[in-house]
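Each chain, letter by letter, is given below.
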Amino acid sequence: MPSPRPAIRTRSTVLATAALALTVSVTLSACGGNSTPPPLAPVATNSTGPTGAASGSAQGFVVPGVPDPCALISADQVISIGHLPDGSKSGAIASNSGGRSCAYNAGHPDMVTISLTGVTKSGFDAFRATIPAGTVSSISGLGEEAYRSSQTPGVIDVYKHGFDLNIAVIHADTYASASDDAKALAQAAVGKL
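Basis of the calculations
- Residues numbered from 1 in each chain as written.
- Predicted model: local features only at pLDDT ≥ 70, side-chain atom pairs only at ≥ 80, totals over all residues.
- Heavy atoms only, no water.
- Disulfide = S-S within 2.5 Å.
- Helix = DSSP H or I, 4+ residues; strand = E, 2+ residues; numbered from the N terminus.
- Pairing = 2+ DSSP bridges.
- Axes fitted to C-alpha atoms, helices over the stretch in contact; angles between N-to-C directions.
- Phe/Tyr/Trp six-rings, centres within 6.5 Å; stacked < 30°, edge-to-face > 60°.
- Buried < 20%, exposed > 50% of the residue type's maximum accessible area, 1.4 Å probe, protein only.
- Arc of directions from axis to C-beta.
- pLDDT = per-residue confidence, 0-100.
- Polar contact = N/O pair within 3.5 Å; in protein donor to acceptor, adjacent residues only side chain to side chain.
- Contact = heavy atoms within 4.5 Å.

A. The arrangement of the state of the cysteines in detail. Taken as a whole and judged by the stated rule, the model has one disulfide. Residue Cys-70 pairs covalently with Cys-102 via a disulfide, S to S 2.1 Å. Residues Cys-70 and Cys-102 are joined through a disulfide that is right-handed, its torsion about the S-S bond being 105°. A residue pair is termed long-range when its members are at least 10 positions apart, and Cys-70 in the loop between β2 (60-62) and α2 (75-81) and Cys-102 in strand β4 (residues 100-104) qualify at 32 residues.

What follows is the structure, given as structure tokens:
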């Protein structure tokens, strides 16, 4: 069931949302190519928490060989590290790249999306090469390779064990805190791959 669109509060929210949409769109198309992804099958929710509470349970869409990104970090950790409002809802969102995505506080000015896509190292490198020179900076200590782009603050891509771990954080108030939060979330998640 589609959720209602929230009112857009500031110009920075619009720009941040556009940057995230562009990054996710480009990432998904680069990783998925023109091939048709495998069919997605919903997984039953094992949530025992109260309605509306954040859940880190095994929610998601089954994609053979791709771990559930909702299970990489508990929802409480994502809310804390990502500086999201208490009680933020979380859950799987559809991915057309053959990967899996999990959104936290989706549709709001402060949100986090964690995505996993199976990709070869050459595919990861090819996508990175599409980002304009001078905007990419490497991040050491995350997976086999990690980077961010100044064009998409709050978005970090990490390559580890045949997966592209994409962390996208949007904050309505500041890009700097979104970048810091994305790096902290990537550090928490990368150990689970």
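So much for the structure itself; the text now carries on.
B. Expanded view of the sheet that holds strand β3 (residues 90-93). Spatially, the seven strands line up as an open sheet ordered β3-β4-β5-β9-β8-β7-β6, and their pairing is antiparallel. Two strands close off the open sheet at either side, each with one partner strand: β3 and β6 (136-138). Across this sheet, the average inter-strand angle for adjacent strands is 20°, counted without regard to direction. Where strand β8 (residues 155-160) lies against strand β9 (residues 163-170), six bridges are found, and the strand directions are antiparallel.

C. Structural detail: the packing of aromatic side chains. Applying the stated rule across the entire model yields two aromatic pairs. Taking the centre distance of 5.4 Å and the plane angle of 45° together, the rings of Phe-124 and Tyr-159 count as tilted. With Phe-124 in helix α3 (residues 121-129) and Tyr-159 in strand β8, this pair connects stretches of sequence that are 35 residues apart. Taking relative accessible area as the criterion, Tyr-159 reaches 7% and is therefore assigned buried.

D. Spatial organisation of α3. The complete set of buried residues in α3 reads Phe-124, Phe-127 and Arg-128. On an axial view of α3, the arc spanned by its buried residues comes to 100°, and they lie on one face. Seen from the open side of α3, the exposed residues pointing more than 90 degrees away from its buried face are Ser-122 and Ala-129.

E. Layout of the confidence of the model for the protein chain. Confidence in the prediction of the protein chain, expressed as mean pLDDT, is 73, and 65% of residues score 70 or more. For the protein chain, per-element mean pLDDT is lowest for strand β1 (residues 41-43), which scores 35, and highest for β8, which scores 95.

F. Representation of the side chain of His-171 in the model. Position of His-171 among the secondary structure elements: in the loop between β9 and α4 (175-190). Separated by 3.0 Å, the side chains of His-171 and Asp-110 make a polar contact. Reaching out from His-171, the side chain makes a polar contact with the side chain of Asp-181 at a distance of 2.6 Å. Those residues in contact with His-171 that lie beyond four places of it in its chain are Gly-82, His-83, Pro-109, Asp-110, Ser-177, Ala-178 and Asp-181.

G. Region of the structure containing unusual backbone geometry. A positive phi angle, near 65°, is found at Asn-105, a position not held by glycine. When you line up the elements, Asn-105 lands in the loop between β4 and β5 (111-118). Its relative accessible area of 10% is what places Asn-105 among the buried residues. With a phi close to 50°, His-161 is a non-glycine residue in the positive phi region. Counting through the fold element by element, His-161 comes out in the loop between β8 and β9. The exposure class of His-161 is exposed, given its relative accessible area of 52%.

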